[in-house]
Amino acid sequence: MVDARGLSCPGPVLMVQKEVKKGAPKSLEVLVDDRCAVENITRFAHSQGYAIKVQELEDDEFRLKLEK
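Described in the following lines is the structure provided in the data block. (Residues numbered from 1 in each chain as written. Predicted model: local features only at pLDDT ≥ 70, side-chain atom pairs only at ≥ 80, totals over all residues. Heavy atoms only, no water.)

**Considerations on the packing of aromatic side chains**
No. 1: Tallying each qualifying case throughout the model produces 0 aromatic pairs.
No. 2: Over the ring of tyrosine 50 we find lysine 68; its NZ or CZ atom is 4.9 Å from the centre of that ring. (Phe/Tyr/Trp six-rings, centres within 6.5 Å; stacked < 30°, edge-to-face > 60°. Lys NZ or Arg CZ within 6 Å of the ring centre and 35° of its normal.)

So this is what it looks like as structure tokens:
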């Protein structure tokens, strides 16, 4: 689980990149509170072969589920 709430881009994307490079997980959950981060993480995830599901939570927070 990557908790990138409170960070603006490129912070959340860099955190996700680090997790992917560290262990190439089959699935990864990410919490963010910035729509720009959702878009940027989605682009990165697709470039790495992940499918992504975005769930909008309360208070403008989002849970992203990356799966291979």
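**A short note on a negative patch on the surface**
No. 1: Negative charge collects at one region of the surface, where Asp33, Glu58, Asp59 and Asp60 lie side by side.
No. 2: What makes aspartate 33 partly exposed here is its relative accessible area of 32%. (Patch = residues over 30% accessible without salt bridge, like charges linked within 9 Å, V, L, I, M, F, W, Y side chains within 5 Å. Areas by Shrake-Rupley, 256 points an atom, 1.4 Å probe, with all protein chains shown as cover. Salt bridge = Lys/Arg side-chain N within 4 Å of Asp/Glu carboxyl O. Lys, Arg positive; Asp, Glu negative; His and termini not counted. Charge placed at Lys NZ, Arg CZ, Asp CG, Glu CD. Buried < 20%, exposed > 50% of the residue type's maximum accessible area, 1.4 Å probe, protein only.)

**Describing unusual backbone geometry**
No. 1: Here the bond from cysteine 9 into proline 10 is cis, since omega is 15 degrees, no more than 30 degrees from zero.
No. 2: Relative to the elements of secondary structure, proline 10 occurs in the loop between strand 1 (2-3) and helix 1 (11-23).
No. 3: Its identity is not glycine, yet aspartate 59 carries a phi of approximately 55 degrees, on the positive side.
No. 4: Note that aspartate 59 resides in the loop between strand 3 (51-56) and strand 4 (62-67). (Helix = DSSP H or I, 4+ residues; strand = E, 2+ residues; numbered from the N terminus.)

**Here's the deal with the packing of helix 1 against helix 2 (residues 35-47)**
No. 1: As a packed pair, helix 1 and helix 2 sit with axes 9 Å apart at the nearest point and diverge in direction by 30 degrees. Between helix 1 and helix 2, the crossing angle belongs to the class labelled roughly parallel. When you trace helix 1 past helix 2, the crossing you get is right-handed. Judged by residue contacts, Pro12, Val13, Val16, Gln17 and Val20 of helix 1 engage Ala37, Asn40, Ile41 and Phe44 from helix 2.
No. 2: Across the contact of helix 1 with helix 2, the residue classes break down as 7 nonpolar, 2 polar and no charged. (Axes fitted to C-alpha atoms, helices over the stretch in contact; angles between N-to-C directions. Parallel < 35°, antiparallel > 145°, perpendicular 65-115°, else oblique. Left-handed = near helix turned anticlockwise from the far one by under 90°. Contact = heavy atoms within 4.5 Å. Nonpolar A, V, L, I, M, F, W, Y, C, P; charged D, E, K, R; others polar.)

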